[in-house]
Amino acid sequence: MSAPPGSLSAVAEPLKEMINLESVRRLADGVAAAWAPFRGDDFVSAATTGLGGLELKDRVRHVAQALDGALPLPFPEAAAALREAAARVRLDMWSGWPATDYVGTRGLDHLDEAMATLAALTPYATGEFAVRPFLDRHRDDALKIMYGWAGSADEHLRRLASEGSRPRLPWGSRVRWLMSPGPTLPILDLLRDDPSEYVRRSVANHVNDLAKDHPEVAIDLLGRWRTEGGSHVERVVRHAMRGLIRSGHPEALSLMGAVPGSGAVESLALDGTEVAVGERLPFTVTVRADSPGPVVLKYAVRRDGSRRIFHLGERVATASGQRFTVTKSHSFRPVTTRTEPPGPRVLEIVVNGEVRASAAFTLVEG
């Protein structure tokens, strides 16, 4: 998820801790300011009871369910109260996310009111997850509304048009028809050269999703955008192609001016043949260009059942035979989302999409 300061990617503490007593109280204050009968203390008590033992998305759902119990109104009236709440109290990602989740579950039979409420909330708490059920149930009508969002003066709403309709939105529910190319392309065309980087990054991520299942469609789209031009299109194209470039897709390499498969590795030196878990493996590689133009360098770390690719660098050769030397240090620091068991490894150097050199080493216990 692309995110501005104060949202998902901008905090260091565990994300689940951001759904807490303070965030619940802020939401309560907003709803109470919009609907006088709202019993804020009862809502806060219900929303925070048992919260500590839950993970992030379960916390969001728990607070949303408490909100449902505290708003004994027909959905259109409850939605109006939430829109007013957003105008009365400055919500943020953490206080507003349960409200969008409430809309995404309770509002499915009230498309217009629900989408209007997500539009009001998304400047404070992105509605990208909550909009998915509406796209699933109300395909054409929901998409028509999102086409309108793409022309909004609000960058958050323009981003929601792109982000909410991504084929492979991280953490978002899967909407099968979005996996087929076509319906969302008018949104991307409108936003490809958007003045907001926040929006443009979403567009690039959307096309990167598309490229995973329909690379030819993505390449044709990006090629057309480059031809049509724009102030920011080049950066969008390069960011959108990152997955195709990582996989060595020849047409993507050609689109960025590189010659697929060209280039050679003259030397590859590892700083030792063993590295401990938690340490780094430095290596140096010298590459020779076969022709003028971009030289796209990646490296892969391979073990049984796993091959992970990383960016090494990009150089532009001005003449055939030009050499480049790159030094890199790969970290084997443990992370919560991935374990690295000790054992044999192979480091591969990929030049313009082709493996041109490799060296073996062993990862040992720290």
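As a starting point, this report considers the structure included with it. Just so we're clear, the structure is a prediction, and the values are computed from it rather than from any experiment. (Residues numbered from 1 in each chain as written. Predicted model: local features only at pLDDT ≥ 70, side-chain atom pairs only at ≥ 80, totals over all residues. Heavy atoms only, no water.)

**Points about the sheet that holds strand β3 (residues 280–288)**
Worth spelling out the cut-off: What makes two strands pair is DSSP finding at least two bridges between them. Only DSSP runs of H or I with at least four residues qualify as helices, and only runs of E with at least two residues qualify as strands; both kinds are numbered from the N terminus onward. Fitting a line to C-alpha atoms yields each axis, with helices limited to the stretch in contact; the angle taken between N-to-C directions then spans 0 to 180 degrees.
The three strands are arranged β1-β3-β6 in an open sheet whose pairing can be described as antiparallel. Each having just a single partner strand, β1 (264–270) and β6 (323–331) make up the two edges of the open sheet. The average angle at which neighbouring strand axes cross in this sheet is 20°, direction not considered. Bridging between β3 and β6 involves nine bridges; their strand directions are antiparallel. Bridging across to β6, arginine 280 finds its partner in serine 331.

**Focus: the side chain of glutamate 340**
How we decide: N or O atoms within 3.5 Å of each other form a polar contact, as long as, within protein, one can give a hydrogen and the other can take it, and as long as residues adjacent in sequence are counted only when both atoms are side-chain atoms.
Among the secondary structure elements, glutamate 340 is positioned in the loop between β6 and β7 (343–351). There is a polar contact of 2.9 Å between the side chain of glutamate 340 and the side chain of arginine 345.

**Topic: the sheet that holds strand β2 (residues 274–276)**
Through backbone hydrogen bonds, the strands of a sheet pair up, either in parallel or in antiparallel fashion. Read from one edge to the other, the open sheet built from five strands follows the order β2-β8-β7-β4-β5, with strand pairing classed as mixed. For this open sheet the edge positions go to β2 and β5 (306–317), each flanked by a neighbour on one side alone. The mean angle between the axes of side-by-side strands here comes to 30°, regardless of whether they run parallel or antiparallel. As defined by bridge partners, strand β4 (residues 293–303) adjoins β5 across 11 bridges and the pair is classed as antiparallel. Opposite arginine 302, over in β5, you have arginine 307 as the bridge partner.

**Looking at unusual backbone geometry**
Peptide bonds are mostly trans, and most non-glycine residues show a negative phi. Stated formally: Only protein chains enter the area calculation, which uses a 1.4 Å probe; residues under 20% of their type maximum are buried, those over 50% are exposed, and those in between are partly exposed.
At tryptophan 171, a position not held by glycine, the phi torsion is positive, near 75°. Relative to the helices and strands, tryptophan 171 resides in the loop between α9 (155–163) and α10 (185–191). Judged by relative accessible area, tryptophan 171 falls into the partly exposed class, the value being 42%. Even without being a glycine, asparagine 352 presents a positive backbone phi close to 45°. With respect to the element layout, asparagine 352 can be found in the loop between β7 and β8 (354–364).

**Things to note about the packing of helix α4 (residues 75–88) against helix α5 (residues 93–106)**
This is how the line gets drawn: Note on angle classes: values under 35 degrees are labelled roughly parallel, values over 145 roughly antiparallel, values of 65 to 115 roughly perpendicular, and the remainder oblique. Here is the rule for handedness: rotate from the far helix to the near one, and if that takes an anticlockwise turn smaller than a right angle the crossing is left-handed, while a clockwise turn gives right-handed. The contact criterion used is simple: two residues touch if any of their non-hydrogen atoms lie within 4.5 Å. All residues other than Ala, Val, Leu, Ile, Met, Phe, Trp, Tyr, Cys, Pro, Asp, Glu, Lys and Arg, Gly among them, are scored as polar; the first ten of these are nonpolar and the last four charged.
The contact between α4 and α5 brings their axes to 11 Å, and the two run at 160°. The angle between α4 and α5 falls in the class roughly antiparallel. Relative to α5, the crossing made by α4 is left-handed. Side by side, α4 and α5 meet where Phe75, Ala78 and Leu82 of the first sit next to Ala99, Tyr102, Val103 and Arg106 of the second. Residue classes in the contact of α4 with α5 are distributed as six nonpolar, no polar and one charged.

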